[in-house]
Amino acid sequence: MSRRRRRYAVPGVEQQMQSFKAEVMRKEGYDVDPNHPDDVKYEVAEEMGIPLTEGDNSDLTTESVGKIGGKIGGSMVREMIRMAQEKLANIKK
């Protein structure tokens, strides 16, 4: 099965989202290569005991793969919420 590219609602935001992912995961304590922020998934998988490798991972369950993506995406969402709350707090002042 081929992997589809992500589509963002705002055109041209891909690079900024990758930079944001790298920044958030660095704050979470992961060693992130800013040129390849998607590679952090291997470090997350290793920490969780999930044998994710480059190439074919068809032996992994959807649940296992979801745990990896959830850890990364959840961290990004928490940071976006924190940033929005901070911005709203500054508007009220």
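Residues numbered from 1 in each chain as written. Predicted model: local features only at pLDDT ≥ 70, side-chain atom pairs only at ≥ 80, totals over all residues. Heavy atoms only, no water.

### With respect to the nonpolar core
If you look at the biggest cluster of nonpolar residues, it comprises 15 residues, and the most contacted ones within it are Met 25, Tyr 30, Val 32, Val 40, Val 44, Ile 68 and Ile 72. Looking at this core, the elements with two or more residues in it are helix 1 (14–27), helix 2 (40–48) and helix 3 (62–92). Tallying contributions element by element places helix 1 first for this core, with four residues. Apart from residues no more than four positions distant in its own chain, Val 32 is found in contact with Ala 22, Met 25, Arg 26, Pro 37 and Val 40. (Core = buried A, V, L, I, M, F, W, Y, C linked by side-chain atoms within 4.5 Å. Buried < 20%, exposed > 50% of the residue type's maximum accessible area, 1.4 Å probe, protein only. Helix = DSSP H or I, 4+ residues; strand = E, 2+ residues; numbered from the N terminus. Contact = heavy atoms within 4.5 Å.)

### Comments concerning the pattern of salt bridges
With the rule as written, the count across this model stands at six salt bridges. Here Lys 21 makes a salt bridge to Asp 38, at a shortest N to O gap of 2.3 Å. Of this pair, Lys 21 sits in helix 1 while Asp 38 is found in the loop between helix 1 and helix 2, placing the two residues 17 residues apart along the sequence. Exposure remark for Asp 38: the relative accessible area of 23% places this residue in the partly exposed category. For Lys 67, the salt bridge goes to Glu 63, with nearest N and O atoms at 3.9 Å. Of the two residues, Lys 67 and Glu 63 both sit in helix 3, four residues apart, roughly one turn of that helix. It is possible to trace a salt-bridge network through shared partners that takes in Glu 23, Lys 27, Glu 79, Arg 82 and Glu 86. (Salt bridge = Lys/Arg side-chain N within 4 Å of Asp/Glu carboxyl O.)

### What about the environment of Gly 29?
Counting through the fold element by element, Gly 29 comes out in the loop between helix 1 and helix 2. Considering only alpha carbons, one finds Gly 29 and Lys 71, 42 residues apart in sequence, at a separation of 13 Å.

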